[in-house]
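Chain by chain, the residues:
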Amino acid sequence: MFYADNGMAISGYDAVSYFKAGTPILGQPDIALMWKGATWRFASEENRDRFERNPRAFAPQFGGYCAYAMAKGRLSSTDPQAWQIVDGRLYLTHSEAIERIWEKNASRNIREAEEHWPDVLY
């Protein structure tokens with residue numbers, strides 16, 4: 001299950017772009033696919049194909065919910081502009097202010113979030 005605002009994963013941003021371009025890029029409505037109950041948009045067919053071959057390599061951790069809120073055992077929406085890649089995994093946070101708090105101790109926050117995921121969904 002992925003956080004999907006109006007059914008759109010990462011608010012329509014291309015998950016692969018975080019890794020490939022080093023920045024979030026809005027995906028195109030006509031370059032999309034469905035995965036895990038959400039629509040994923042991509043900036044290029046190449047990015048869509050890369051995602052389709054290995055979606056778990058590009059999808060944000062904790063179902064796209066805020067990684068900091070998850071560390072506290074809560075669910076929260078995310079801002080696609082508030083993100084970090086740690087050990088090859090994409091983490092989104094609720095806002096840039098929360099991202100700054102989260103990144104001060106990202107390793108601990110990831111460990112704590114993993115303790116809550118996916119039980120916090122239920």
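Before reading further, recall that the structure is shown in the block above.
What comes next concerns the included structure.

Rules of the game
- Residues numbered from 1 in each chain as written.
- Predicted model: local features only at pLDDT ≥ 70, side-chain atom pairs only at ≥ 80, totals over all residues.
- Heavy atoms only, no water.
- Salt bridge = Lys/Arg side-chain N within 4 Å of Asp/Glu carboxyl O.
- Helix = DSSP H or I, 4+ residues; strand = E, 2+ residues; numbered from the N terminus.
- Buried < 20%, exposed > 50% of the residue type's maximum accessible area, 1.4 Å probe, protein only.
- Core = buried A, V, L, I, M, F, W, Y, C linked by side-chain atoms within 4.5 Å.
- Contact = heavy atoms within 4.5 Å.

**Looking at the pattern of salt bridges**
Link 1 in the chain: Inspection of the entire model under this criterion finds three salt bridges.
Link 2 in the chain: R48 serves as the salt-bridge partner of D49, at 3.4 Å between the closest nitrogen and oxygen.
Link 3 in the chain: The shortest N-O distance in the salt bridge between R108 and E112 comes to 3.5 Å. Of this pair, R108 and E112 are both found in helix α6 (residues 106-116), four residues apart, which corresponds to roughly one turn of the helix.
Link 4 in the chain: Assessed through its relative accessible area of 34%, R108 is described here as partly exposed.

**As for the nonpolar core**
Link 1 in the chain: Ranked by internal contacts, the top residues of the largest apolar core, which has 19 residues, are I10, Y18, W35, W40, F42 and F51.
Link 2 in the chain: If you list the elements that add at least two residues to this core, you get α1 (15-20), β3 (28-35), β4 (38-42) and β6 (89-93).
Link 3 in the chain: Contact partners of F42, with chain neighbours within four places excluded, come to D14, V16, G27, Q28, I31, A32, L33, N47, R48 and F51.

**Comments concerning unusual backbone geometry**
Link 1 in the chain: Here the amide bond leading from W117 into P118 is cis, since omega sits at 0°, within 30 degrees of zero.
Link 2 in the chain: By secondary structure assignment, the location of P118 is in the segment after α6.
Link 3 in the chain: One non-glycine residue, S11, adopts positive backbone phi at about 50°.
Link 4 in the chain: Take S11: it is sitting in the loop between β2 (8-9) and α1.
Link 5 in the chain: Classification of S11 as partly exposed rests on a relative accessible area of 34%.
Link 6 in the chain: Its identity is not glycine, yet F62 carries a phi of approximately 55°, on the positive side.

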